[in-house]
Amino acid sequence: KLNNITKDFKYKFIDKNLLKLALTHGSSKEINNQRLEFLGDAILNMVIAEYLYQQNPNATEGDLTRIRSNLVKGDTLSLIAKKYSIQKCIIFGMGELKTGGYNKNSILADTLEAIIAAIYLDSNLLTIKNLIISWYNSVNYLQPANVADQLTLKFGSKDSKTVLQELLH
């Protein structure tokens, strides 16, 4: 299974223990992927922010923030995770395994973030940047039309928090 995931992700780990750790859910062991998830979240946000900044020179800070938040949210990450069948490789404890943890979007998203950190630690920033962009392109999330469409999701060009704040004012 580990060989399949590295082939699908187009990355071969030097240290396969990093990949195993990234795939080890918190329900499984004391040593798990939560620290990698923390690092991967930060890397993902930076990579997507830089990409959006470079690709959208006329967008405002608010626009870029809204697009980025939509691109790095759990639903988006779980879609990418499912495309690469991460759910088949996650190492769970018995409790989470019994409750179908491999189908939970939040777990898939967290695991993808952990894998991002593992690849970063195993290689370098440029490698993970290129991989992240290719993953997003593989699900058509960074196509110019889709990026522009991100601004008009649900509430026009405003995220739900902004809409709520404006309603309360």
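Refer to the structure above for everything that follows.
The shown structure was predicted, so the numbers you read here are calculated from the model rather than taken from an experiment. (Residues numbered from 1 in each chain as written. Predicted model: local features only at pLDDT ≥ 70, side-chain atom pairs only at ≥ 80, totals over all residues. Heavy atoms only, no water.)

(A) Focus on the packing of aromatic side chains. Applying the stated criterion across every chain yields a total of two aromatic pairs. The interplanar angle of 90° and the centroid separation of 5.0 Å between the aromatic rings of Y11 and F13 together place this pair among those described as edge-to-face. The buried category is assigned to F13, whose relative accessible area is 7%. Taking 6.3 Å as the distance between ring centres and 55° as the angle between the ring planes, the aromatic pair formed by Y84 and W135 counts as tilted. A residue pair is termed long-range when its members are at least 10 positions apart, and Y84 in the loop between α5 (74–83) and α6 (94–98) and W135 in helix α8 (residues 125–138) qualify at 51 residues. With a relative accessible area of 10%, Y84 lands in the buried category. Over the aromatic face of Y84 sits the side chain of K83, whose NZ or CZ is 5.9 Å from the ring centroid. (Phe/Tyr/Trp six-rings, centres within 6.5 Å; stacked < 30°, edge-to-face > 60°. Buried < 20%, exposed > 50% of the residue type's maximum accessible area, 1.4 Å probe, protein only. Helix = DSSP H or I, 4+ residues; strand = E, 2+ residues; numbered from the N terminus. Lys NZ or Arg CZ within 6 Å of the ring centre and 35° of its normal.)

(B) Local environment of the pattern of salt bridges. Applying the stated rule across the entire model yields two salt bridges. Put simply, K129 and E50 hold a salt bridge, and the shortest N to O gap is 2.6 Å. Of this pair, K129 sits in helix α8 while E50 sits in helix α3 (residues 34–55); the two residues are 79 residues apart in sequence, bridging distant segments of the chain. You can call E50 partly exposed: its relative accessible area is 27%. The salt bridge partner of R66 is D63, with a shortest N-O separation of 3.0 Å. Here D63 and R66 lie together in helix α4 (residues 61–71), a separation of three residues that amounts to about one turn. A relative accessible area of 18% means that R66 is categorised as buried. On the basis of relative accessibility, which here comes to 16%, the residue D63 falls in the buried class. (Salt bridge = Lys/Arg side-chain N within 4 Å of Asp/Glu carboxyl O.)

(C) Focus on a nonpolar patch on the surface. Residues M94, L97 and Y102 make up a contiguous nonpolar surface patch of roughly 300 Å² in combined accessible area. Tracing the sequence through the fold places M94 in helix α6. You can call M94 exposed: its relative accessible area is 55%. (Patch = residues over 30% accessible without salt bridge, like charges linked within 9 Å, V, L, I, M, F, W, Y side chains within 5 Å. Areas by Shrake-Rupley, 256 points an atom, 1.4 Å probe, with all protein chains shown as cover.)

Limitation: the analysis is restricted to geometry and does not speak to function.
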